[in-house]
Amino acid sequence: MLSQLRTIWEVFKHSTVKPDTVSYPEEKPYLAPRYRGRIVLTRDPDGEERCVACNLCAAVCPVDCIALQQTQDERGRWRAEFFRINFSRCILCGLCEEACPTYAIQLTPDVELCEYDRQNLVYEKEHLLISGTGKYHDYNFYRRAGKDVGVKERGTGETEAEPVNVRSLLP
Amino acid sequence: MADVFRVLAQIGTTITVLLVLAALLIWAERRLLGLWQDRLGPNRVGPFGILQSVADMIKIFFKEDWVPPFAEKPVFIFAPCVVVITMLMALAVVPFTPTLAIVDLNVGLLFFLAMSALAAYSTILAGWSSNNKYSLLGGMRSAAQMISYDVFMGLSLMGVVMLAGSFNLREIVLAQQGLWYIVPQFLGFLVFLVAGLAESHRLPFDLPEAEHEIIAGFHTEYSGMKFGLFFVGEYLGVLLIAAITVILFLGGWQGPWLPPFVWFVLKTALLVAFIILLRAALPRPRFDQLMSIGWKLMLPLALLNLMITGAVALAGGL
């Protein structure tokens, strides 16, 4: 019985406590730079698309909201022919960002994804692409290592050794 | 003839004011609950969100008014009307000021008790006619709660009647000229408040609807304005309990400086706020706990209060 009265008093004391509510449209809450919001496709420091259309993001997406088609240019560089994210399905889980081997797909702290027309939530590649590098400023997938697509010569990558002439190892 | 029109106008005004107040109370409750739970509550529609109930009403009027095919149709439609009708009838005997009351009934208190007991039919019939086991459980709970809490609700008021020597609510208020009855009848006040909460199905005694156990109890199957009527009825019940408590124990409209009506409204509003605070603070008891509180604690307390008051009255102390 006493504890009930004490409860009433304790609750009543909350009359003077400031509410925790953030009055959203007037007062924007702080969203950390790594907040998982709207998805963008970033470019490498040279201004080229990072996405190599490997399909890992679409494969890992739990709600299947990513659709893309791979194509190659004349130098053999992989690109996305189209890249489509349906934000009316997207749950902003960030698995695509984790799966991406080239840091192309990234989530931004923008959460204001409201449209009057559902179709407007389907973003095509030109809507998704931004001109900057996102969270990773100096990273360029093709400069690190791997095949020559016109970015660097074979063997001159940042983490790459000169190609070994396997025939020189012959006895 | 002019008299009839005057009375009709008075009834119309009172009903309108009461219904508007009940709607406002929904908003007030949500704001107060928000305050005590460290949030804001509805604050968007109109200044401070005061028009929230209007928005809700518009929404609820445009909802499909659906009667489930398995329900007992006439009873299903009749049930929500009962609670509103009985609550409005009971409020008719409430004297807001020395002169402002719909009827000055010499059995006003008994009429109030009868009407608040009749309101139980609303929940019971709703639970039964819904043909839904959860609704039926809610209705049965309501019946059991009503029976056990009505007994000592009446008993707790007998002390007041004894002191005032009248069942007339206006005379009871006038008899509190010197001393409010909350002082000599403190036990009665406590018991009546608990019983009143149980009668109006307010938390912590909202077992008939208990969202977490039996979904929404008796109004699980209700939608649209029929559900809205239950809602309005519940808040009218809160107003009624608060008003009656003010009249019986807190000196009604009496108070210094301010006009009588303002005093009445002020006291009622404070009591309503307290009832809302109880909702914010207290958890719901289990059903057997509710029953044992009723029969093993509240009934003896009410009887004790009655005995002491009677003994003092017999000894000529009054």
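Up top is the structure.
Given the structure is predicted, the values throughout are model-derived calculations rather than measurements.

What counts as what
- Residues numbered from 1 in each chain as written.
- Chains lettered and ligands numbered in written order.
- Predicted model: local features only at pLDDT ≥ 70, side-chain atom pairs only at ≥ 80, totals over all residues.
- Helix = DSSP H or I, 4+ residues; strand = E, 2+ residues; numbered from the N terminus.
- Rg over C-alpha atoms; globule rule 2.2 N^0.38 Å.
- Buried ≥ 20, exposed ≤ 12 C-beta atoms within 10 Å, placed from the backbone.
- Contact = placed C-beta atoms within 7 Å.
- Nonpolar A, V, L, I, M, F, W, Y, C, P; charged D, E, K, R; others polar.
- Core = buried A, V, L, I, M, F, W, Y, C linked by C-beta atoms within 7 Å.
- Pairing = 2+ DSSP bridges.

**Quick notes on the overall build of chain B**
Then, number 1: Of the regular secondary structure elements, chain B holds 11 helices and zero strands.
Then, number 2: Each helix and strand of chain B, ordered N terminal to C terminal, gives the series α-α-α-α-α-α-α-α-α-α-α.
Then, number 3: For 318 residues, the compact-globule estimate of 2.2 N^0.38 gives 20 Å, and the C-alpha radius of gyration of chain B, at 20 Å, lies within 12% of that figure.
Then, number 4: Taken along its principal axes, the extent of the C-alpha atoms in chain B is 65 × 50 × 50 Å.
Then, number 5: The burial tally for chain B puts 44% of its 318 residues in the buried class.
Then, number 6: In chain B, of all internal contacts separated by at least 6 residues, the share reaching a separation of at least 24 is 76%.

**Topic: unusual backbone geometry**
Most peptide bonds adopt trans geometry, and most residues besides glycine take a negative phi value.
Residue and element names in this part refer to chain A.
Then, number 1: The phi dihedral of N55 is positive, around 80 degrees, even though this residue is not glycine.
Then, number 2: Structurally, N55 is set in the loop between β1 (39–41) and α2 (56–60).
Then, number 3: Residue classification places N55 among the partly exposed positions, given that 15 C-beta atoms sit within 10 Å.

**Topic: the interface of chain A and chain B**
How big an interface is tends to be stated in terms of accessible area lost as the parts join.
Then, number 1: Contacts between the two partners involve 11 residues from chain A, matched on the other side by 10 residues from chain B.
Then, number 2: Residues of the side of chain A that touches chain B, tallied by class, amount to five nonpolar, five polar and one charged.

**Comments concerning the nonpolar core**
Residue and element names in this part refer to chain B.
Then, number 1: Core analysis: the biggest nonpolar cluster contains 85 residues, and M87, A195, L236, L239, L240, A242 and I247 have the highest contact counts within it.
Then, number 2: A per-element tally of this core places helix α9 (residues 224–249) first, with 17 residues.
Then, number 3: Setting aside its immediate chain neighbours within four residues, A242 contacts T268, L271, V272 and I275.

**Some words on the environment of T86 of chain B**
Then, number 1: By the secondary structure assignment, T86 of chain B is in helix α3 (residues 73–92).
Then, number 2: Residues T86 of chain B and L207 of chain B lie 121 residues apart in sequence; the distance between their C-alpha atoms is 21 Å.

**Considering the pairing of strand β3 (residues 78–86) of chain A**
All names here are of chain A.
Then, number 1: In this structure, strand β2 (residues 66–72) lies alongside β3, joined through seven bridges in antiparallel fashion. Looking at β3, one finds that Q69 is bridged to F82.
Then, number 2: Between β2 and the antiparallel strand that follows it, β3, lie five residues; G76 among them carries a positive phi value of about 90 degrees.
Then, number 3: Bridge count between β3 and strand β5 (residues 122–123): two bridges; the pairing is antiparallel. By the bridge assignment, I85 is partnered in β5 with Y123.

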